[in-house]
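Commentary on secondary and tertiary structure
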Amino acid sequence: MFPASPAKAVRVNATVTANLRIIQRESCMNHTLFAFSSHHSRGVPNGRQDALSVFAGKTGFFFLRDRFGYLNAFSPYRVYEPCEEFPVSTSVKTLADIMDGRAEELLARSGAEGRRLSLFVSGGVDSTAMTVAFLKAADGNFENLAVVYTKYSEQENPEFFELLKRMPGLTLKKVQPSRGLDDAQEEAMRDGYAVTGWCADQLFGSQINQDMPDMYFRDWRGFISTSEAVEQFEEAFAHYGMPIQNFGEFAWFTNFSCKYDFVKYTDVMIYGRVTGRMIPFYDTADFNSWSVSNFDRLHRYPQHEPEHYKRELKEYIYAFDGNRNYLEGKGKNPSWRMCDASDGEYAQTYPVIAIAMESPSEVRVVRSGEYFIPSCNESVRRRDMSMKLALLRSYLKNGGE
């Protein structure tokens, strides 16, 4: 069902680390870490007090690399370099213009290469806005477009899918959730591209703000609390010229600078696929600059309030479909939900993968190899234990002592 380690993968001098308390070795300093997936275990890794480790322990999000480089200097681990330049804050492009231009660019690429674009649409704001951009750019010529969705996509935005079904020539492919989605992605990438709404969350805010709405306007320093980590974050904010004050802004920054890689390379990190044919729609320099340039406006209102949630993207959708209920009432859902027990054999998530990377194209995969029913706590426990053992074996195999 799931691909083996990709042919392009190489054995690298790297290690993956986690909050296991079985990996507490200073020799980690001799390895290179790009990114890491352990499905959000909690606790401060190795008892470290650096900014990235403390944040991972507070939230359970293990992204141990600042893609812009500054926070990496405080990490006990060597991380993949080079890093990106922090986006300029002088963009005057509108979000609508960037959306339109991105869709036009990808349609032109697919046409030139003779490859179809398969849009994976959850019904949530990110993938719906992305689909609108492609519908506008295609202008009725849907030869190179397909929309892939599940029953949950229709449940989340039924009016939009009714609109899609009335568009002649547009290929709609309804698939089973979870493992069915994985099969559809594999098929889409054989001779085309799979396009997702990934990286939009990193532009607008963070899931953490949804989970802790009362924290939004509080001082972020109280959340981090550890003086060493607070000082490191403050240095980074000053270095990047970002006036981070409250927790909502802080959560955006960590999402934008640190979690971004995890999301951008989800296809590599979760499935071990190194194809170059999974495209996060919102991963461009223009989108990044727009987010930084509109920092003060984007964080004026908490994102957990439906009327404010990704308002700019919803206005883009509204200009196309006129659905005011979606504009005013659509908030955050676990949009691309995997499934529930009623889906039978498909009611299983993918096996979580830990990866060691020298770069996004040089990957060695370690997988737990377990599927599990989301509601089954025992299956989750077994999955976590097998992941810990896989990580330990990986560490030892790569020179850990």
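The written sequence of each chain sets the order in which its residues are numbered from 1. Selection of residues for local features in this predicted model requires a pLDDT of at least 70, selection of side-chain atom pairs for listing and counting requires 80 or more, and totals for whole chains, interfaces and linings are taken over all residues. The basis for the side-chain values is all heavy atoms of the structure; hydrogens and waters are excluded.

1. Topic: the overall build of the protein
Which entries qualify depends on this criterion: Strands here mean DSSP runs of E at least two residues long; helices mean DSSP runs of H or I at least four residues long; both are numbered from the N terminus. Relative accessibility under 20% of the residue-type maximum defines a buried residue, over 50% an exposed one, and the middle range a partly exposed one, all with a 1.4 Å probe and only protein chains included. Every residue pair with non-hydrogen atoms within 4.5 Å of one another is taken to be in contact.
Helix and strand counts for the protein come out as 17 helices and nine strands. Residues counted as buried form 57% of the 401 residues belonging to the protein. Sequence separation of 24 or more characterises 73% of the internal contacts of the protein that already satisfy a separation of 6 or more.

2. A few points about the packing of helix 10 (residues 227-240) against helix 11 (residues 247-264)
To describe two helices that pack against each other, one gives the angle between their axes and the distance between the axes. Where we set the bar: Axis lines are fitted to C-alpha atoms, over the contacting stretch for helices. Their N-to-C directions set the angle, which ranges from 0 to 180 degrees. Working rule for angles: under 35 degrees goes down as roughly parallel, over 145 as roughly antiparallel, 65 to 115 as roughly perpendicular, anything else as oblique. Gly is put with the polar residues, along with every residue not named as nonpolar or charged; the nonpolar set is Ala, Val, Leu, Ile, Met, Phe, Trp, Tyr, Cys and Pro, and the charged set is Asp, Glu, Lys and Arg.
Between helix 10 and helix 11, the shortest axis-to-axis distance is 13 Å and the interhelical angle comes to 80 degrees. What the angle tells us is that helix 10 and helix 11 run roughly perpendicular. Across from Phe233, Phe237 and Tyr240 in helix 10, the residues of helix 11 making contact are Phe250, Phe253 and Thr254. Grouping the constituent residues of the contact of helix 10 with helix 11 by class yields five nonpolar, one polar and no charged.

3. Overview of the side chain of Ser153
Put simply, the rule reads: Contacts described as polar in this section are N or O atom pairs within 3.5 Å, which, within protein, must combine one atom able to donate a hydrogen with one able to accept it, while residues neighboring in sequence count only if both atoms come from side chains.
Within the element layout of this structure, Ser153 appears in helix 4 (residues 151-156). In this structure Ser153 comes out as buried when scored by relative accessible area, which is 0%. Here the side chain of Ser153 touches Val121 through a polar contact of 2.8 Å, landing on its backbone oxygen.

4. Digging into the pattern of salt bridges
Oppositely charged side chains can pair when the atoms bearing their charge come close. Formally: What makes a salt bridge here is a side-chain nitrogen of Lys or Arg within 4 Å of a carboxyl oxygen of Asp or Glu, nothing more.
The tally for this structure, following the rule as stated, stands at 22 salt bridges. Between Glu105 and Arg109 there is a salt bridge, and its shortest N-O distance comes to 3.5 Å. Linking Glu105 with Arg109, this pair stays in helix 2 (residues 95-113), spanning four residues, or about one helical turn. Take Glu105: its relative accessible area is 37%, and that puts it in the partly exposed class. Between Lys310 and Asp201 there is a salt bridge, with the nearest N and O atoms lying 2.3 Å from each other.

5. Structural notes on the packing of helix 2 against helix 13 (residues 285-293)
Where helix 2 meets helix 13, the closest approach of the two axes is 10 Å, and the angle between their N-to-C directions is 170 degrees. As judged from the angle between their axes, helix 2 and helix 13 are roughly antiparallel. Contact residues: Leu95, Ile98, Met99 and Arg102 in helix 2; Asp286, Phe287 and Trp290 in helix 13. Residues that form the contact of helix 2 with helix 13 fall into these classes: five nonpolar, no polar and two charged.

6. Comments concerning the confidence of the model for the protein
Note the cut-off: On a scale of 0 to 100, pLDDT captures the predictor's confidence in every residue.
Taken residue by residue, the protein gives an average pLDDT of 79. The fraction at 70 or more is 69%. Taking the mean pLDDT of every element in the protein, the minimum, 52, falls on strand 1 (residues 32-33) and the maximum, 98, on strand 3 (residues 116-120). Confidence drops under a pLDDT of 50 for residues 394-401, and excluding neighbours within four residues, the segment shows 21 contacts in the predicted structure.

7. So, the side chain of Thr131
With respect to the element layout, Thr131 can be found in helix 3 (residues 125-138). Judged by its relative accessible area of 0%, Thr131 falls in the buried class. With near-sequence residues (within four places) excluded, Thr131 lies in contact with Leu119, Val121, Val147, Phe160 and Leu164.

8. Comments concerning the packing of aromatic side chains
Test applied: Planes of paired rings set the category: under 30 degrees apart is stacked, over 60 is edge-to-face and the rest tilted, where pairs are Phe, Tyr or Trp rings (Trp by its six-membered ring) whose centres lie within 6.5 Å. Here, over-ring charges are defined by two tests on the NZ atom of lysine or the CZ atom of arginine: distance to the ring centre within 6 Å, and angle to the ring normal within 35 degrees.
Applying the stated criterion across every chain, the model contains 30 aromatic pairs. One residue, Arg67, lies across the ring of Phe256, its end atom 4.7 Å from the ring centre.

9. What to know about the environment of Arg218
Here Arg218 shows up in the loop between helix 8 (207-211) and helix 9 (220-224). Separated by 29 residues in sequence, Arg218 and Phe247 have C-alpha atoms that sit 5.6 Å apart. Contact partners of Arg218, with chain neighbours within four places excluded, come to Gln245, Asn246 and Phe247.

10. Examining helix 10
The test is simple: In this scheme, a helix's expected span is set at 1.5 Å multiplied by one less than its residue total. Working definition: the arc comes from the directions between the helix axis and the C-beta atoms, pointing outward to the latter.
Taking 1.5 Å of rise per residue, 14 residues should cover 20 Å, and helix 10 covers 20 Å from first to last C-alpha, within 8% of that figure. Where helix 10 is concerned, the buried positions are Ala229, Val230, Gln232, Phe233, Ala236, Phe237 and Tyr240. Along the axis of helix 10, the buried residues cluster in a sector spanning 165 degrees; they form a single face. Opposite the buried face of helix 10, by more than 90 degrees, sit the exposed residues Ser227 and Ala238. Looking at the buried positions of helix 10, the neighbouring elements they touch are helix 1 (51-59), helix 9 and helix 11. One or two residues past the end of helix 10 sits Gly241, with phi positive at roughly 70 degrees.

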